[in-house]
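Observations on the model geometry
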Amino acid sequence: MDPREGLRLVLPDRAVDRDSTRHRRSRGALRGGRRTAAERPHQPTGAQRRDADLLRLARHDVAARGCPAHRYAGRCRADHRGADGVGVHRRPRDAHQSRSRRLMSAVRVRFCPSPTGNPHVGLVRTALFNWAFARHHGGAFVFRIEDTDAARDSEESYEQLLDSLRWLGLDWDEGPDIGGPFAPYRQSERREIYDDVVRRLLEAGEVYESFSSAEEIEARHRAAGRDPKLGYDNHDRELTRAQTDAFRTEGRLPVLRLRMPEDEWTWTDLVRGPVSFAAGTVPDFVVMRTNGEPLYPFVNPVDDALMGITHVLRGEDLLPSTPRQIALYAALRRIGIAAPTPSFGHLPMVRGDGNKKLSKRVPESSLSLYRERGFLPEGLLNYLALLGWAIADDRDVFSMAEMAAAFDIARVSSNPARFDLAKAAAINGSHIRLLLLEEFAARLTPYLQSAGLVSMPPTDAEAALVAGAAPLVAERVSVLSEAVDMMRFLFVAELVVDPAAAAKVLGPDAEPVLRAAVDALAALSTWDSAAIEGALKAALVDGLELKPRKAFAPVRVAVSGRTVSPPLYESMELLGRDRSMARLRAALSPPPV
RNA sequence: GGCCCCGUCGUCUAGCGGCCCAGGACGCCGCCCUCUCAAGGCGGUAGCGGGGGUUCGAAUCCCCUCGGGGCUACCA
């Protein structure tokens, strides 16, 4: 077979023409059906979230409500196909189709990180979009580990990856820990498969031995007056047996390269529409190293093919490698491996502070940082979803279940997006306020524990304090670590007063204020916020004729140690009479330094 | 250098030829509420990179240009 057969390689368009899709979509936007905050429950675990998603899909009644994904009412038919080529308006009875039909039409996407270092937020965004796509279509989300680089991969990173995804609640249907029909899901355990595929490709002439070193390639370019940085020149394609033998006797070992057809490469990208690469711009690429280890551009498509992946959603940085993947799929089919080419969708880059793509190097990209700061998984995920996707033109806080129901890959923006910590925190704050108070307390407790403020498990008294403070702090923080700082004064035996706050409001002027407060509070028969408020106002505002903000500042700092605190009266009630009085008295007579 | 992708408020986005002298969100500013800080409510600030076309009409379609980014490994 002549691998250079002159066919123009055009992917079968799974994707409906993007423009026509958009056109249809533009008619009659659905305006109703928005949910209020109270209607948006949170699913604390991945499993529960998954249930909710499935439930939602089952309830997805287009005729009655319009399609939330495409936002137009009443026009959808059951056979309507989305821009990704998959029926998105599934009716409940789809679930009762025969097993084989379901398998044939099922969406299968994958998330395939390599275990090198901390997962970063760009990676999480990719995982999220794949997850949402799978859940939206009722398909499978496959988790595969691409650990073909022994020098950089680590078991620790692998564990971190699993842990991170679990924490996020992005549940997978097949993966290294739970197995699945295409196991194993770690590429380091699939070497025999790759060896076998490579052998067959070699026998078929799809792949050939190449001995050229980088220096030799460059030298040839120079000699021919070409740009030396052009890359491999396909020089070794027609090496004779005698030539390869000669190299071997010199002790040189070959890499294996795939023969690329020299055609124009075109496909309809799920997020970008038609993309094409000019003929002759993609050289034969290395499939296997001299030491016999297969490389990413090979194992990735091979596993996608073998695992029946239907849609590849990945970062834009991988866009230039798509022609090679398409070529590999074609070669695989020629040697008899069933490998329908998947649809590709290239997600925009997530940028860091500059304009550069977010690198693993910069700490702000590390997922663990956001976890430590006290981001809620649903808050972080919600923000990340906004980097390239919008659920509606007038709303940006939503649950993952809502995202799964509404997600449409064709509506993903192709612009790169900058990660904005302030907005991420703001979105997270909205999610904190959406939590039930008990849930907020439960999520907060581990942070209080690792700050050493609450024991493990919490004592009854500590639990009561957390529960009592929850409503006070939940509405004033955007991340959980802020709540820890705000609640610290409730749990410490010895209050450390912030020096700046003390300097500001605990000067000589504060003495009469504090004294009056102590006297008034000491006379109280009941210790609750209403009584405290009454006493303080009577003594300070009415008695001393102070402006409220002047009156309460010294008391606040004396009790909480900070100028910023939860509401004063409630805080004092929670702190208790004894500790509150002790702190006021301590502020009155500061210990000599 | 070559190949490819992308350009709407500071940032993320809505926009798919008339609904747009461009809507939402974060940020910022102001007001209200108020014991601080928040939250919440109300109001404001700010944008179609530039130039040519096509069209009765362009943020939207085409071309050029400028700018930004990615890839260019026997990493993934």
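As the structure is a computational prediction, the values presented were derived from the model and not from experiment.

What about the overall build of chain A?
The number of helices and strands found in chain A is 24 helices and 12 strands. Across the 593 residues that make up chain A, the buried fraction comes to 50%. A separation of at least 24 residues holds for 76% of the contacts in chain A among residues at least 6 apart in sequence. Of the roughly 27300 Å² that chain A leaves accessible, carbon and sulfur atoms contribute 53%.

As for the confidence of the model for chain A
Note that predicted coordinates carrying low pLDDT should not be read in detail. Looking at chain A as a whole, its pLDDT mean stands at 83, while 82% of the residues score no less than 70. Here residues 1-104 is a poorly scored stretch, pLDDT under 50, and it has 172 contacts once near neighbours within four places are set aside; other chains count. Model confidence for the complex is summarised by a pTM of 0.84, with the ipTM given as 0.97.

Points about the packing of aromatic side chains
Aromatic ring pairs are reported here in terms of the distance separating the ring centres and the angle at which the planes meet. Counting across every chain of the model gives 13 aromatic pairs. Consider the rings of W267 and F344, whose centres lie 6.5 Å apart with planes at 65°: the pair is edge-to-face. In this pair, W267 is assigned in strand β6 (residues 265-269) and F344 in strand β10 (residues 343-347), connecting sequence segments 77 residues apart. Taken individually, W267 and F344 each receive the classification buried, so the pair is uniform in this respect. One aromatic cluster is present, built from ring pairs that chain together F129, W389, F398 and F407.

Considerations on the packing of helix α21 (residues 529-543) against helix α23 (residues 568-575)
Close contact between α21 and α23 brings their axes to 8 Å; oriented N to C, the two are set at 120°. Judged by the angle between their axes, α21 and α23 are oblique. In the packing of α21 onto α23, the handedness of the crossing is right-handed. On the side of α21, the interface is formed by S529, I532, E533, L536 and K537, while α23 contributes L568, Y569, E570, M572 and E573. Here the contact of α21 with α23 is composed, by residue class, of five nonpolar, one polar and four charged.

Examining the side chain of R108
Relative to the helices and strands, R108 is located in strand β2 (residues 108-111). Of the polar contacts made by the side chain of R108, one reaches the side chain of E174; its length is 2.7 Å. Once residues within four sequence positions are removed from consideration, R108 is found in contact with A140, V142, E174, F182, M307, G308, I309, T310 and H311.

Remarks on unusual backbone geometry
Following A183, the chain continues into P184 via a peptide bond in cis, with omega recorded as 0°. Its location among the elements puts P184 in the loop between α6 (155-168) and α7 (191-203). The amide bond that connects M456 to the next residue, P457, takes the cis arrangement and shows omega of -5°. Secondary-structure assignment places P457 in the loop between α16 (437-450) and α17 (460-474). Notably, E545 is not glycine yet its phi reads approximately 55°, a positive angle. Secondary-structure assignment places E545 in the loop between α21 and α22 (548-560). Residue E545 is classed as exposed on the basis of its relative accessible area of 69%.

Rules used throughout
Residues numbered from 1 in each chain as written. Chains lettered and ligands numbered in written order. Predicted model: local features only at pLDDT ≥ 70, side-chain atom pairs only at ≥ 80, totals over all residues. Heavy atoms only, no water. Helix = DSSP H or I, 4+ residues; strand = E, 2+ residues; numbered from the N terminus. Buried < 20%, exposed > 50% of the residue type's maximum accessible area, 1.4 Å probe, protein only. Contact = heavy atoms within 4.5 Å. Areas by Shrake-Rupley, 256 points an atom, 1.4 Å probe, with all protein chains shown as cover. pLDDT = per-residue confidence, 0-100. Phe/Tyr/Trp six-rings, centres within 6.5 Å; stacked < 30°, edge-to-face > 60°. Axes fitted to C-alpha atoms, helices over the stretch in contact; angles between N-to-C directions. Parallel < 35°, antiparallel > 145°, perpendicular 65-115°, else oblique. Left-handed = near helix turned anticlockwise from the far one by under 90°. Nonpolar A, V, L, I, M, F, W, Y, C, P; charged D, E, K, R; others polar. Polar contact = N/O pair within 3.5 Å; in protein donor to acceptor, adjacent residues only side chain to side chain.

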